[in-house]
Structure formats: C-alpha cells, structure tokens
Amino acid sequence: MKLKRAVAINDISCMGKCSLTVALPVISAMGIECAVLPTAVLSAHTAFEGFTFCDLTHQIKPVSEHWEKRKEHFDTIYSGYLGSIEQIELVADFIDTFKESDTKVIIDPVLGDGGRLYTNFTDEFPRKMRKLCQKADVITPNLTEAAFLTGREYVGEGYTEEYIKDLLADLASLGAKRVVLTGISYDEKRLGVACYDAQKKEYTYYPGERIESMFHGTGDVWASTFTGAYTKGIDFSKAAEIATDFTVECIKATMDDKENHWYGVKFELCLPLLWEKMK
Ligand code: PXL
C-alpha cells in the first residue's frame, strides 16, 4: 500500500509541545508519512521566558534542492510557524517547486493570539504572510491572525455571525480557495470553527464543545489533525469537524494539569482515538 505523504514546514520547539512535536505524532497516527522541513530550533516555544532560537533559514533551500533532485512527491504541503521573513518567500518557492496537480497546500498563518503577534514577529510578517496565503488551498487562521492578515481591528468576542462571514470573505479575497477560522463562538457553551469554501461560496459553522481552559499548542493540534484528515481525502468541512473534536478531547485529557498550560495538551493519550477514526 502506498502511504500518503505530507511535509510539515514548521519549527522544532524542543519543550512545550507545539509545531513539529505535535505535527509529527498526530499526522503519523493518522497513517500518513510526515516529512519535516524545520524552520528553526528553539529550546522551548516563545511563551517560555528565556527561550533560545536557532534560525534555519539557510537550510530551506539546500534541503528542498536535494528533494527536487530526487523528484520527491508530497500529497500535502503544510506550513506553520516560520522563523524569518525570508522564509515566507522560500516557502512560496517551495510550493512552486513541489505543488503538483494532486498536491494540497495548507497554510496555517501562525502569527499570534489574543490580539497580539507572537514574540519575534514584526509588522512586516503579516504583510508577507498575506502573499503566501494566495498559494493555499486552505488557510487556517485564528481571529488574531485574521485581523493581522486583513488589516481589520481585532475583535475577540461579541461578534455576530454576519461579521464572521464578512471576515471569511475578506480572508478568501487574499487568494486561498478555502478558509477555516478557528476559535469561533456564538454562544457561551460552544467554541467551533467557521469554514468558507470560496469556489462554492459556501459557509458552514461547526460548533465544538467549549472547555473553559486555555492550553498552548492547541492551534497546532487542530491544524495537524485537519491536515491529516484533508490529506486522506476527507471533505474540507468534515476534516474541520474531526480536527475540532480531537482538539476538544485533547483539552479534556489535560484538565487535571491546567496550571501547566504552556506545556501543551496531553494529545498522546488521545492518539488511539485518531487511529481508530482513520482506519
Ligand atoms: O503554537 C504556535 C507556535 C509555534 N511555534 C512557536 C511558538 C508558537 C506560539 O507561541 O512560539 C515557536
């Protein structure tokens, strides 16, 4: 049997489960090969005070040239946290080189949360990231990233469904074929995802269960699970549902450790669920 293969372009945060330390196990547990193109190595993600940062921008080209010579094929190109402005351009080149007619491109435009950019990112980052979104089949921003990408003011709560539909249309106008806005809530019991298929002009909302706790890395759990499901050929909005339900399970499994929220969620306990679901 031929395995599907995704490549995850993301950082290695050595501590505090997120980015590649989430993408690798989650995508693998879904029965998909996960090649990696590391963008940076950090001692821990940027919410840990005093983190070290080793930029791997200079490695992107040599690694991709080697793969190009070998004519490697990817069913999905999935990009997440990029370590420098130049990397945004390099990822665009990578897509131009490796995107074939059957390759899906998923861009998680990792920029920030809670209305603010992550440490290390300047205002130039969102401007460049906008251009990368043009190349995507699917982009998966949260509300903060949506604000920075569209130039709209950040509205974290109290919005209407009409507002979210407008925001999705603005995001789609960046050029991606489909958009999923994560962390969307229209009532206090539900926290879900709003999906927009720009080709079909179709809006759907999937209301996940809201758990009153915030853990680091859940955006990466969501995007990695979505990537796995979408790579398997599962329909866009169904893949978004699977990713939402799995992320909720991971949060539930971590509720006994709320005070250590920056260490991420205990997705390890939930991987068997994912394997079962994908069988
Ligand atoms: O989860 C997003 C993310 C990925 N990579 C690094 C981060 C963050 C969020 O803080 O710092 C290095």
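See the structure shown above.
Residues numbered from 1 in each chain as written. Predicted model: local features only at pLDDT ≥ 70, side-chain atom pairs only at ≥ 80, totals over all residues. Heavy atoms only, no water.

Caption draft 1: View of the packing of aromatic side chains. Scanning the entire structure with this criterion turns up 15 aromatic pairs. Pairing Phe48 with Tyr263 gives two aromatic rings, centres 5.3 Å apart and planes at 80°, and the pair type is edge-to-face. Of this pair, Phe48 sits in the loop between β2 (33-42) and β3 (53-55) while Tyr263 sits in the loop between α8 (236-252) and α9 (271-278); the two residues are 215 residues apart in sequence, bridging distant segments of the chain. Residue classification places Tyr263 among the partly exposed residues on the basis of a relative accessible area of 36%. (Phe/Tyr/Trp six-rings, centres within 6.5 Å; stacked < 30°, edge-to-face > 60°. Helix = DSSP H or I, 4+ residues; strand = E, 2+ residues; numbered from the N terminus. Buried < 20%, exposed > 50% of the residue type's maximum accessible area, 1.4 Å probe, protein only.)

Caption draft 2: Representation of helix α4 (residues 124-133). Residues Phe125, Pro126, Met129, Leu132 and Cys133 constitute the buried set of α4. Along α4, the residues classed as buried sweep out an arc of 105° about the axis, all on the same side. Its buried side turned inward, α4 meets β4 (76-79), α3 (85-98), β5 (104-107), β7 (116-117), β8 (138-139) and α5 (143-150). (Arc of directions from axis to C-beta. Contact = heavy atoms within 4.5 Å.)

Caption draft 3: View of the sheet that holds β4. Taken in spatial order, the nine strands line up as β3-β2-β1-β4-β5-β8-β9-β10-β11 in an open sheet, and their pairing is mixed. Only two strands of the sheet have a single neighbouring strand rather than two, namely β3 and β11 (202-206). Relative to β11, strand β10 (residues 190-197) is paired through five bridges, and the arrangement is antiparallel. Note that in β11 the partner of Tyr196 across the bridge is Tyr203. On the sheet, helix α2 (residues 57-69) packs against β1 (5-13), β2 and β3 and is oriented at approximately 160° with respect to β2. Most of the contacts of helix α6 (residues 161-172) go to strand β9 (residues 178-187), to which it runs at about 165°, and overall it touches β8, β9, β10 and β11. (Pairing = 2+ DSSP bridges. Axes fitted to C-alpha atoms, helices over the stretch in contact; angles between N-to-C directions.)

Caption draft 4: Representation of the site of the ligand within the structure. Lining the immediate environment of the ligand, one finds Asp11, Ser13, Cys18, Ser19, Leu42, His45, Thr46, Tyr81, Tyr118, His216 and Asp220. Asp220 places a polar side-chain atom, nitrogen or oxygen, 2.7 Å from an oxygen atom of the ligand. Relative to its free-state accessible area of 310 Å², the ligand is covered by the protein chains to the extent of 96%. Classifying every residue of the shell around the ligand by side-chain character gives four nonpolar, five polar and two charged. (Near = heavy atom within 4 Å. Polar contact = N/O pair within 3.5 Å; in protein donor to acceptor, adjacent residues only side chain to side chain. Areas by Shrake-Rupley, 256 points an atom, 1.4 Å probe, with all protein chains shown as cover. Nonpolar A, V, L, I, M, F, W, Y, C, P; charged D, E, K, R; others polar.)

Caption draft 5: A look at the side chain of Ser13. Mapped onto the secondary structure, Ser13 falls in strand β1. A polar atom in the side chain of Ser13 sits 2.6 Å from the side chain of Asp11. Excluding residues that lie within four positions of it along the chain, Ser13 makes contacts with Cys18, Ser19, Thr21, Leu42, Ala44 and His45.

Caption draft 6: Spotlight on the side chain of Asp197. On the secondary structure map, Asp197 appears in strand β10. A polar side-chain atom of Asp197 sits 3.0 Å from the main-chain amide nitrogen of Gln199. Excluding its chain neighbours within four sequence positions, the residues that come into contact with Asp197 are Lys177, Arg178, Glu202 and Phe236.

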